[in-house]
Amino acid sequence: MAGDLPEYYFRIRENGAAVFKVDTENRQRRIEMEEIAIANVRNGNIKPHGDRKLTAEETAVITTWMAQRTAVLAARDVDDIHRAVDHLNLVTGWAQSKADDAQLEEVTDTLLLAMHDLRTVLVRKKAERLMKAAPEAE
């Protein structure tokens, strides 16, 4: 069992992870985890723990994990947006067929403002993309 454990463990944090080196090769055959670094996926920084100097292998493992983690988080962001679109469709159905006047009164202004804000941002971003693509088309 202990032989199947990975050599490194990443304790997820909001901005990345605390990185631990896993040791099972000790006299007591206990699992020991030594914190070796903090990895920040937002700014790409790897900060060794305490006075520790990271080896090239440790840095490579952490850098690879950070790239994989960034990809996972980006995929989750897109998935969350697809879920939001689904939810908006469900809200539309609810507003059209299930909501009573009091419920609609409670949420209409907030929904309209949020949708207006979203529409404004999406239209502006689409225009920016079209303007960037226009010189290439000429």
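What you see is a predicted model; the values in this text were computed from it and never measured.

Draft legend 1. Spotlight on the packing of aromatic side chains. One pass over the structure, following the stated rule, counts two aromatic pairs. Ring centres 6.2 Å apart and planes at 40 degrees place the aromatic pair Tyr9 and Phe20 in the tilted group. In this pair, Tyr9 sits in strand E1 (residues 8-13) while Phe20 sits in strand E2 (residues 16-23), placing the two residues 11 residues apart along the sequence. An angle of 5 degrees between the planes, with centres 4.6 Å apart, marks the rings of Phe10 and Trp65 as stacked. Highlighted residues: Phe10 in strand E1 and Trp65 in helix H1 (residues 56-97), separated in sequence by 55 residues. By relative accessible area, Trp65 is classed as buried at 13%.

Draft legend 2. Local environment of the confidence of the model for the protein. Averaged over the protein, the pLDDT score is 94; the fraction of residues at 70 or greater is 96%. By mean pLDDT, the top-scoring element of the protein is strand E4 (residues 46-48) (98), and the lowest-scoring one is helix H2 (residues 101-137) (94).

Draft legend 3. Region of the structure containing the pattern of salt bridges. Applying the stated criterion across every chain yields a total of seven salt bridges. Where Glu58 meets Lys21, a salt bridge forms, and the shortest distance between an N and an O atom there is 3.9 Å. One end of the pair, Glu58, is in helix H1; the other, Lys21, is in strand E2, and 37 residues separate them in sequence. On the basis of relative accessibility, which here comes to 24%, the residue Lys21 falls in the partly exposed class. Among the ionic pairs, Arg83 bridges to Asp79, the shortest N-O distance being 2.8 Å. Of this pair, Arg83 and Asp79 are both found in helix H1, four residues apart, which corresponds to roughly one turn of the helix.

Draft legend 4. Just the pairing of E2, in detail. In terms of burial, E2 is a largely internal element, six of the eight residues being buried. In terms of strand pairing, E1 meets E2 through six bridges, oriented antiparallel. From the neighbouring strand, Tyr9 faces E2, where its bridge partner is Phe20. Both E2 and strand E3 (residues 32-40) contribute to a ladder of eight bridges, which runs antiparallel. In the strand pairing of E3, Phe20 is matched with Glu35.

Draft legend 5. Representation of a positive patch on the surface in the model. Side chains of Lys125, Lys126, Arg129 and Lys132 sit close together on the surface and give a patch of like positive charge. On the accessibility criterion, Lys132 (63% relative accessible area) is exposed.

Draft legend 6. Up close: the nonpolar core. In terms of nonpolar packing, the biggest core is built from 11 residues, these being Tyr8, Phe10, Ala17, Val19, Ile36, Ala37, Ala39, Val41, Ile62, Trp65 and Met66. Put simply, the parts of the chain that give this core at least two residues each are E1, E2, E3 and H1. Look past the residues within four positions of Ala17 in its chain and what remains in contact with it is Phe10, Arg11, Ile12, Ala37, Ile38, Ala39 and Trp65.

Draft legend 7. Seen up close, a negative patch on the surface. Together, Asp100, Asp101, Glu105 and Asp109 give the surface a local cluster of negative charge. The topology assignment puts Glu105 in helix H2.

How each quantity is defined
Residues numbered from 1 in each chain as written. Predicted model: local features only at pLDDT ≥ 70, side-chain atom pairs only at ≥ 80, totals over all residues. Heavy atoms only, no water. Phe/Tyr/Trp six-rings, centres within 6.5 Å; stacked < 30°, edge-to-face > 60°. Helix = DSSP H or I, 4+ residues; strand = E, 2+ residues; numbered from the N terminus. Buried < 20%, exposed > 50% of the residue type's maximum accessible area, 1.4 Å probe, protein only. pLDDT = per-residue confidence, 0-100. Salt bridge = Lys/Arg side-chain N within 4 Å of Asp/Glu carboxyl O. Pairing = 2+ DSSP bridges. Patch = residues over 30% accessible without salt bridge, like charges linked within 9 Å, V, L, I, M, F, W, Y side chains within 5 Å. Areas by Shrake-Rupley, 256 points an atom, 1.4 Å probe, with all protein chains shown as cover. Lys, Arg positive; Asp, Glu negative; His and termini not counted. Charge placed at Lys NZ, Arg CZ, Asp CG, Glu CD. Core = buried A, V, L, I, M, F, W, Y, C linked by side-chain atoms within 4.5 Å. Contact = heavy atoms within 4.5 Å.

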